[in-house]
Amino acid sequence: MRLFLSFIFLFAAVFASAQIENPTGTVQFEASETTPNNDPSGFELPAVKTPSLSNPDTPSKYDYLGDTKEEKLDITKGDGLLEYKTDTAPKYFTKDKAVTNEVGGDQHLGDIKTKSGIVTIMYRDHEYVDGDNIRVFVNEDIVQSNVTLGGSFGGINITLDSGFNRIDFLALNQGTSGPNTAELHVYDENGKLISAKEWNLLTGDKATIVIVKE
């Protein structure tokens, strides 16, 4: 009887050990219902509408914040500083006056007296800029062989000899319109304007100015 009870206890111990090492049961958790978090202090993601390519959202008024409306350029309007005239062409885009019988031959532009040792001779085409060319002489020596007159002043500095100094401007052509035209300015060594003249020359004619150094 004692042996039989010992066998029963041994069998029960072996069976319990097998159950612990090789569990065959499953663990189940009981589902529980949850309610939405209605607490205003809790974290809740806002609803987001899924974008659609076929039905885009209406743009917000803030989408264009910072954009500026582009205005069309109108060159006929004034800016309060200059007066715009669209019905007349600038002088530089109109032709020179027609050659008349009064134009032709050499021109004497006068005599100037100065105490300066150096003068600045400036010249430009003050009429239609059409490619007028000149050659400049100082006391019969060529100092500039071929100068094209533009709309802006250009020129040279001349060191004067004591007494008479003759400056000649030879018209090499008449450009594409009218005679060879130019405006001449002479400045002393202090930058003071001492003479302002104009010439209208045919090809081969000269304009001459005499500067007397006292």
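Notes on the structure in this doc start here.

About the cut-offs
Residues numbered from 1 in each chain as written. Predicted model: local features only at pLDDT ≥ 70, side-chain atom pairs only at ≥ 80, totals over all residues. Heavy atoms only, no water. Helix = DSSP H or I, 4+ residues; strand = E, 2+ residues; numbered from the N terminus. Buried < 20%, exposed > 50% of the residue type's maximum accessible area, 1.4 Å probe, protein only. Contact = heavy atoms within 4.5 Å. Areas by Shrake-Rupley, 256 points an atom, 1.4 Å probe, with all protein chains shown as cover. Salt bridge = Lys/Arg side-chain N within 4 Å of Asp/Glu carboxyl O. Phe/Tyr/Trp six-rings, centres within 6.5 Å; stacked < 30°, edge-to-face > 60°. Lys NZ or Arg CZ within 6 Å of the ring centre and 35° of its normal. Pairing = 2+ DSSP bridges. Axes fitted to C-alpha atoms, helices over the stretch in contact; angles between N-to-C directions.

### Examining the overall build of the protein chain
Right, on to step 1. The secondary structure content of the protein chain amounts to one helix and nine strands.
Right, on to step 2. Counting from the amino terminus, helix and strand elements in the protein chain follow one another as α-β-β-β-β-β-β-β-β-β.
Right, on to step 3. The buried share of the protein chain, reckoned over its 214 residues, is 24%.
Right, on to step 4. Long-range pairs, those at least 24 residues apart, make up 76% of the contacts in the protein chain with a sequence separation of at least 6.
Right, on to step 5. Put simply, the protein chain shows about 16700 Å² of open surface, and 54% of that area lies on carbon and sulfur atoms.

### A few points about the pattern of salt bridges
Right, on to step 1. Following the criterion strictly, the structure yields two salt bridges and no others.
Right, on to step 2. Where E183 meets R124, a salt bridge forms, and the shortest distance between an N and an O atom there is 2.9 Å. With E183 in strand 7 (residues 180-187) and R124 in strand 2 (residues 118-124), the pair connects residues that are 59 residues apart, well separated along the chain. For the residue pair E183 and R124, the accessibility class agrees, reading buried in each case.
Right, on to step 3. The salt bridge involving D168 is made with R166; its shortest N-O contact spans 2.9 Å.
Right, on to step 4. For D168, a relative accessible area of 2% gives the class buried.

### Quick word on the side chain of S195
Right, on to step 1. Looking at the secondary structure, you find S195 in strand 8 (residues 193-201).
Right, on to step 2. Leaving out residues up to four positions away in the same chain, S195 has contacts with I112, L184, H185, V186 and I209.

### Observations regarding the packing of aromatic side chains
Right, on to step 1. Taken as a whole and assessed by the stated rule, the structure comprises two aromatic pairs.
Right, on to step 2. Through a chain of ring-to-ring contacts, three or more aromatic side chains come together here, namely Y123, F169 and W199.
Right, on to step 3. A cation over an aromatic ring shows up here: K206 above the ring of F137, its NZ or CZ 5.1 Å from the ring centre.

### Notes on the sheet that holds strand 8
Across a sheet, strands are paired by hydrogen bonds formed along the backbone, either parallel or antiparallel in direction.
Right, on to step 1. The four strands are arranged 5-2-7-8 in an open sheet whose pairing can be described as antiparallel. For this open sheet the edge positions go to strand 5 (154-159) and strand 8, each flanked by a neighbour on one side alone. Ignoring which end each strand starts from, the neighbouring axes of this sheet average 20 degrees apart.
Right, on to step 2. As paired elements, strand 7 and strand 8 share eight bridges and run antiparallel to each other.

### A few points about the pairing of strand 4 (residues 141-148)
If a strand is regular, its side chains alternate between the two faces of the sheet.
Right, on to step 1. As paired strands, strand 3 (residues 133-138) and strand 4 are joined by five bridges and run antiparallel to one another. The residue of strand 4 that forms the bridge with N133 is T148.
Right, on to step 2. Between strand 3 and strand 4, which pair antiparallel and follow one another directly, the connecting turn spans two residues, one of which, N139, has a positive phi of 50 degrees.

### Some points on the sheet that holds strand 3
Right, on to step 1. Here we have five strands laid out as an open sheet, ordered 1-9-6-3-4, and mixed in their pairing. In the strand order of this sheet, the two ends are held by strand 1 (107-114) and strand 4, each with one partner. Along the sheet, successive strands turn relative to each other by an average axial angle of 15 degrees, direction set aside.
Right, on to step 2. As paired elements, strand 1 and strand 9 (residues 206-213) share six bridges and run parallel to each other. By the bridge assignment for strand 9, K113 is matched with V212.

### A word on unusual backbone geometry
Right, on to step 1. Not every positive phi belongs to a glycine, and N139 is a case in point at roughly 50 degrees.
Right, on to step 2. The class of N139 is partly exposed, set by a relative accessible area of 29%.
Right, on to step 3. Even without being glycine, E140 reaches a positive phi, approximately 70 degrees.

Everything listed here is a matter of geometry and, on its own, says nothing about what the molecule does.
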